[in-house]
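One-letter residues, chain by chain:
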Amino acid sequence: MKHEQPAIRVESVHRRYRSGRRDIPALAGVSLTVEYGEWIAIVGPSGCGKSTLLNLLAGIDIADEGAVTVAGRSLTRMSENALASWRGREVGIVFQFFQLMPTLTVLENIILPMDLAGNNRNRSTRARQLLEQVGVLELAGNLPSELSGGEQQRVAIARALANAPRLLLADEPTGNLDSTNGSIVVDLLDALWRQGTTVVMVTHDPDVAAHASRTVTMRDGRIIEDELGRPRRRPPVALAANG
Amino acid sequence: MRTLVSKVLRDLQRRPLRNVLTLLGIILGVAGVVAISSTARSVADAQRLTYSGSQQADLATFANGMSPTTADLIERQPNVVAAETRSVTFTRFDTGSGWENVRLVGLESFDAMRLDLVEVVEGRFPQRGEIAFDESSRELTPVAIGSVVAVRESPADPLAYATVVGFTRSPATLGAGLMNRATAYVPAITVRELTGRTSDNYLLVRVEDQSRASQTASDISRLLSKRGVSISSFDVRDPDAFVGSQELRTLLLLLGIFSWLGAALSSVLVANTLAAVMSEEMAQIGIIKSIGGRRWQIVLTYLIYGSVLGAAGTLLGWLAGLVIGREITGYLTRLTGLQQPPFGVAVREIGLALLVGALVTLTASLLPVLVNANARVASLLRSPGVRNEFAGRRILRVTGPLTSVSVAVAVGMRNAMRRPRRTLATILVVTVAVAAFVATQALSRSVSETVDELYALYGADGWVSFQRPVDVGFASVLEQDPWITHVEAWTSASGAIGSTRTDIWGMPTDDPLYSYRLVEGSWVTRSNPPSAVLTTNLAGSIDAKVGDWRELDIGVSRETVQIVGIVDDSSTYLGNAATGKVFMHIDDVNRLRSLGRQADLFAYQLTASDPESVDRALAAIEERTREYGPVTYSSYSDQQSSRQAIGVLTLMLNVMVIVVAVVGVSGIANTLLISIAERRREFGVLRAIGAGTRHIVVVLVSEGVMLALLGLIAGTLVGYPLARVLVNVTSAELFELSFHLSPVSVVATFVVALLTVAAVSAVPGLVASRIRPIQVLRYE
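Keep in mind that what you see is a predicted model, and the values were worked out from it rather than measured. (Residues numbered from 1 in each chain as written. Chains lettered and ligands numbered in written order. Predicted model: local features only at pLDDT ≥ 70, side-chain atom pairs only at ≥ 80, totals over all residues.)

(A) Focus on the overall build of chain A. A tally of helices and strands in chain A yields seven helices and 10 strands. Restricting to contacts in chain A with at least 6 residues of sequence separation, those with at least 24 account for 70%. (Helix = DSSP H or I, 4+ residues; strand = E, 2+ residues; numbered from the N terminus. Contact = placed C-beta atoms within 7 Å.)

(B) Fine view of the environment of B:Ala184. Residues and elements named next belong to chain B. Within the secondary structure, Ala184 sits in strand S8 (residues 182-187). Between the alpha carbons of Ala184 and Ala132 there is a distance of 5.6 Å; along the sequence they are 52 residues apart. Not counting the four nearest positions on each side in its chain, Ala184 is found in contact with Val102, Leu104, Ile131, Ala132, Phe133, Asp134 and Ser137.

(C) Main features of the sheet that holds strand S9 (residues 214-219) of chain A. Residues and elements named next belong to chain A. Read across the sheet, six strands follow the order S6-S7-S8-S3-S9-S10 without closing on themselves; strand pairing throughout is mixed. Every interior strand has two partners, whereas the edge strands, strand S6 (91-94) and strand S10 (222-228), have only one. On average, each strand axis in the sheet is inclined to that of its neighbour by 15 degrees, with strand direction left out of account. Direction of pairing for strand S3 (residues 39-43) relative to strand S8 (residues 198-202): parallel, over a ladder of four bridges. Its bridge partner lying in S8, Ile40 is registered against Val200. Of the strands in this sheet, S3, strand S7 (167-171) and S8 touch helix H6 (residues 179-194), which is tilted by about 150 degrees from S8. (Pairing = 2+ DSSP bridges. Axes fitted to C-alpha atoms, helices over the stretch in contact; angles between N-to-C directions.)

(D) Structural context of the interface of chain B and chain A. In this complex, chain B contributes 28 residues to the contact, which on the side of chain A involves 29 residues. Listed by contribution, the elements that provide at least two residues to the side of chain B that touches chain A are helix H13 (407-415), helix H20 (680-688), helix H21 (693-733) and helix H23 (773-777) of chain B. Examining the composition of the side of chain B that touches chain A, we find that six residues originate from one element, H13(B), more than from any other. Class assignment of the residues belonging to the side of chain B that touches chain A gives a composition of 13 nonpolar, eight polar and seven charged. (Nonpolar A, V, L, I, M, F, W, Y, C, P; charged D, E, K, R; others polar.)

(E) Representation of helix H22 (residues 743-769) of chain B. Here H22(B) spans 38 Å end to end across 27 residues, near enough to the 39 Å set by a 1.5 Å rise per residue. Inspection of H22(B) places B:Ala753, B:Val757, B:Ser761, B:Pro764, B:Gly765, B:Ala768 and B:Ser769 among the buried residues, and these make up the whole buried set. (Expected span 1.5 Å × (residues − 1). Buried ≥ 20, exposed ≤ 12 C-beta atoms within 10 Å, placed from the backbone.)

(F) Layout of the pairing of S9(A). Residues and elements named next belong to chain A. Note: S3 against S9, four bridges, orientation parallel. Bridge assignment links Ala41 to a residue of S9, and that residue is Thr215. Here S9 runs beside S10; their pairing, made up of six bridges, is antiparallel. Bridge pairing links Val216 to Asp226 in S10. Hairpin connection from S9 to S10: two residues lie between these consecutive antiparallel strands, with Asp220 at a positive phi of about 50 degrees.

From the geometry alone we can't say anything about function, so treat these as descriptive.
Following this line, the structure appears as structure tokens:
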């Protein structure tokens, strides 16, 4: 699969937050380009702006200055509703604290993004396939509160893949897990990347970052280092879209 | 402590929408109770104010053949304080927008008026060629000072014109809008010219000792009879009642029930909101405790929070209640011809406002505050404010199939069940609101249907009464009229059994114009000693049974009668203060009234019963019988008046139901807003994974509809017995009602309530859709 444009293009982005009477710069002129098929790990100390950058890429935050283009769409001028709709189709997000809907079963949590995006065909079959892929199919009828942290995060990854996004954004996906469950999650991300999914992951764990094909290090709202890790691999087969 | 107080006061600004809803709950509860209490007080004051200076006549009757000295003669009789005569006729007038009924009262001199004093509220009393209307006449037709009205005695008569020069307030006169008839005042000469009479025909008497009023009426009747003055029976005023007092009392009783219902609902609403606020504050209470805050300091701090809302709500609710009470009083006093009393503030209403507003708010705050203040610091600090768990397996199963249609709908419906206690409180509020609505619908329909049933007893399309009794054979003369198919001579009189005042009706044994519904015994026959049939309400009031003997005081005479039957007939006319009816054979009543073979009332059945035909026939009858001083009544007009009176009752009840419904809908809106506040993160995540505004609105609308649906089902079940209670209470106060509840109105309530809730729930949905994912995920 050949792409004319990069998966992500971030140009001279600034983002400030107001704290009391002061403006705190979270990002100060960040530029970054991510090609399709890359697995980027964004690392750095707390407060360096890595999660802010990820939020900008997901369109859940808007830059004060600069341009953010993801999958060919400029996110800077889109409305909240348009962003939500775009996210549902194009991006899968994995949160540190899983953020599953507590009143929906595991299976229903996977169906939810498909429901929101209006994908009504074979939803249940696809949801089960995804659960099988992340190894928790037997938990399909359970509520999130009945699952361990690792199981919840695997369900969260399956949910992120529900609409077969080309881009997976993960914010500290192992941050709330023990080492065993952390490894399982990293292996899952690795498998997805090998299948062709572009992965952008924020982490403060060097061992997790080591799995990525490229590591971007941030400090004080700037990228201070951008190095390639493992050789970049082209996926042999793209992940099946929409079941 | 000062710091804590500052914190609480700042916290009040943090939740503007929730605080406004809490305030609204307190205001509605307080305002309802204060409004009804102040209305009841003001109506009592209005009654006192109106009647204290109006010199109400205790006895009143139409009389034929009175001379200018009749009043002086009567004033010399024992127990008589004052007597006065007037010229009265029932006719029609036109202001240019159609003919309307009017009771035209002529006075020799308005300055010399001593009884039933009429007060000018605008303009002045009329002179020759002028007319003054009771102020309520404006409800019937547009009439203004300076306008010219046409008056005619009958359609065949030439028109007389009069200029409107004033508006009056007439105590003891129900509003024109209610009676479907205006009251107007003119010089006596105008009435005499219209009617062709040479003297006054209406006698008013004020007595010294009310308990001897009936005896005095008998004495006056005998005296006038000897002087050749024929009179119909005296109306004896009940000193404890005024026209419309029974209806007003019922209305205030029902409004009182609803206002307390509203107050109870408001309390639940307030408690619900404050409990939610307290659960949000758990972590902060933990912090205060961890840095040395003592239990009493925490309790006091959060009680101040509740007190500020309570005080503001009480004050605003009290003020709103006084204003609403003033408006209701104005409306009711206009209807009943009472003078609106000056605006006043009563300690009782302040006490009620404090009781409903402040006490409820403090009590609602106290329980959650105490629970949190006693909790351990560690558990408070761990509390996220809302539990994430959801263990409703049964609900999961029930709503599971919905996910194939819309997962968002399932999320909303399951969210509704996440806080069982709050859900229960909200459903309770909706239940009571729906039950109140259903009950009011049932009451309204029961009253309306009962009126129809009561009028179905009477086959007559109308009645004509004569101020001068005529021979019963006059019925056959009337029957020659082409409009009339059948006429029966009846007679009516006021009387009393013991201290209970009642109406006495004399009619033939086989009267096709009255379809009696016998409950016990047999119908009236001519007998000696006379037999009587009582209505169920009169029999109940005097504790009489078939076979009993009772003394009947008919004014001019007393006689012991045997009760031979009891019938079901609660029909009454507006302003009638008498209890039930006594039916006797016409000959027996005439004998007691010394009327011989004469009658002063004829019931007639017409060829057509539509209002236009009835009015035409009525005018023709008046024209033909004008020498006897006819006053005609139509069945349709009486029925219309009754419906209008019921309209007032149902209108006021519906207003209260709307208040209750507003509280119910506010309860749902409040719960949804609390739901948003507690689940901001979930809504943020939904947005993050692709939910648009529409999806968020669907989640909230589903939650609201789920709550409403459960409340509606419970409310309909509770509504039925409540409707029974309400109809029974009204039956006891007003007249016997048959119970009617329309399934269509129940279904309509269901549909309208669900649509309303769906529409109202969309607002919190839009609020939730404004949550940006970054606001809730940034500090993850």
